[in-house]
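Structural overview
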Amino acid sequence: GENVEQHPSTLSVQEGDSAVIKCTYSDSASNYFPWYKQELGKRPQLIIDIRSNVGEKKDQRIAVTLNKTAKHFSLHITETQPEDSAVYFCAAGTNAGKSTFGDGTTLTVKP
Amino acid sequence: NAGVTQTPKFQVLKTGQSMTLQCAQDMNHEYMSWYRQDPGMGLRLIHYSVGAGITDQGEVPNGYNVSRSTTEDFPLRLLSAAPSQTSVYFCASSRTGPNQPQHFGDGTRLSIL
């Protein structure tokens with residue numbers, strides 16, 4: 001089955017700096033790569049996603065890049081703010097069946 | 001739209017008891033899934049359903065049953081609760097499958113004593 005590895009497990013940055021979280025996947029059939037943000041005690045919520053026919057996608061301060069050959073994708077957050085502090089999860093999904101999540105990255109943005 | 005609604009929000013059980021976690025969605029989504037979230041271990045898939053009448057196992061199905069008699073509802077049953085099942089349980093739905101954004105419920109915090 002699919003295996004998704006996420007790094008780092010914790011990340012601390014100063015406000016205004018950039019943050020990068022990386023994930024690798026194993027199943028070449030995976031074609032959908034979402035990122036979810038989970039604030040403490042809340043539900044995970046989708047912040048950005050990318051499909052396998054696209055190499056990069058950007059939404060304001062958030063961007064995701066995908067390298068299909070190397071089977072890895074990354075989340076980039078620029079100009080970080082304290083409200084970006086949360087746990088971020090990557091996931092890999094196929095056309096049918098299961099979605100597999102990474103173990104999460106706890107991002108702390110220090111004012 | 002209420003989205004994905006889970007009940008109860010909190011529950012404490014004794015070892016050996018059974019219970020059902022309820023999940024309902026009002027978005028007419030075909031795909032529904034149950035995850036458990038343990039500290040440092042992300043979201044692990046328990047069971048999923050691609051439509052009414054169809055269910056399948058995820059990564060950690062042992063000790064849990066599901067059914068999908070309607071598009072809207074996807075209950076998760078704990079047959080005989082064990083302390084190892086202490087966790088936060090999330091139900092999620094997406095329009096057609098795992099290649100679509102998933103909408104999560106607020107979760108059920110379950111403690112097994």
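Above this text you will find the structure in question.
Residues numbered from 1 in each chain as written. Chains lettered and ligands numbered in written order. Predicted model: local features only at pLDDT ≥ 70, side-chain atom pairs only at ≥ 80, totals over all residues. Heavy atoms only, no water.

1. Overview of the state of the cysteines
Residues and elements named next belong to chain A. Scanning all chains against the criterion turns up two disulfides over all chains. A sulfur-sulfur separation of 1.9 Å characterises the disulfide bridge that pairs C23 with C90. Disulfide C23-C90: the torsion about the S-S bond is -100°, which places it as left-handed. Here C90 lies in strand β9 (residues 86-93) and C23 lies in strand β3 (residues 19-25), a separation of 67 residues in the sequence. (Disulfide = S-S within 2.5 Å. Helix = DSSP H or I, 4+ residues; strand = E, 2+ residues; numbered from the N terminus.)

2. Things to note about the environment of I48 of chain A
Residues and elements named next belong to chain A. With respect to the element layout, I48 can be found in strand β5 (residues 45-51). Once the C-alpha coordinates of I48 and D59 are considered, the two residues, eleven residues apart in sequence, prove to be 7.5 Å apart. Look past the residues within four positions of I48 in its chain and what remains in contact with it is F33, P34, W35, K57, K58, D59, I62, A63, V64 and L75. (Contact = heavy atoms within 4.5 Å.)

3. Overview of the interface of chain A and chain B
With 22 residues of chain A at the interface, the matching set in chain B holds 21 residues. Interface area for chain A against chain B, summed over the two sides, is near 1,800 Å², with a carbon-plus-sulfur share of 50%. Of all residues in chain A, the largest losses of buried area upon contact with chain B belong to R43, K98 and F101 of chain A, amounting jointly to 29% of the total for that side. Across the contact surface, chain A and chain B share one salt bridge. The shortest N-O distance in the salt bridge between R43 of chain A and D106 of chain B comes to 2.6 Å. Applying the counting criterion to the chain A and chain B interface returns seven residue pairs in polar contact (both at pLDDT 80 or more). Elements with a minimum of two residues in the side of chain A that touches chain B: β4 (32-38), β5, β9 and β10 (99-101) of chain A. Tallied by class, residues from the side of chain A that touches chain B come to seven nonpolar, nine polar and six charged. (Buried area = accessible area lost by both parts, 1.4 Å probe. Salt bridge = Lys/Arg side-chain N within 4 Å of Asp/Glu carboxyl O. Polar contact = N/O pair within 3.5 Å; in protein donor to acceptor, adjacent residues only side chain to side chain. Nonpolar A, V, L, I, M, F, W, Y, C, P; charged D, E, K, R; others polar.)

4. Let's talk about the pairing of strand β11 (residues 108-112) of chain B
When a strand is regular, its side chains alternate between the sheet's two faces. All names here are of chain B. Burial along β11 is one-sided: T108, L110 and I112 are buried, and none of R109 and S111, which face the opposite way, are. For strand β2 (residues 10-13) and β11, the ladder comprises four bridges, and the chain directions are parallel. What sits directly across from L13, in β11, is I112. (Buried < 20%, exposed > 50% of the residue type's maximum accessible area, 1.4 Å probe, protein only. Pairing = 2+ DSSP bridges.)

5. What to know about the pattern of salt bridges
In total, this model carries seven salt bridges over all chains according to the counting rule given. Among the salt bridges present, the one from K57 of chain A reaches D49 of chain A, with a minimum N-O distance of 2.8 Å. With a shortest N-O distance of 2.9 Å, D84 of chain A and R61 of chain A are connected by a salt bridge. On the criterion of sequence distance, the pair formed by D84 of chain A in the loop between β8 (72-77) and β9 and R61 of chain A in the loop between β6 (56-59) and β7 (62-67) is long-range, its members being 23 residues apart. Using a relative accessible area of 7% as the deciding quantity, one classes D84 of chain A as buried. Several salt bridges share partner residues, and in doing so they unite R43 of chain A together with K9 and D106 of chain B into one network.

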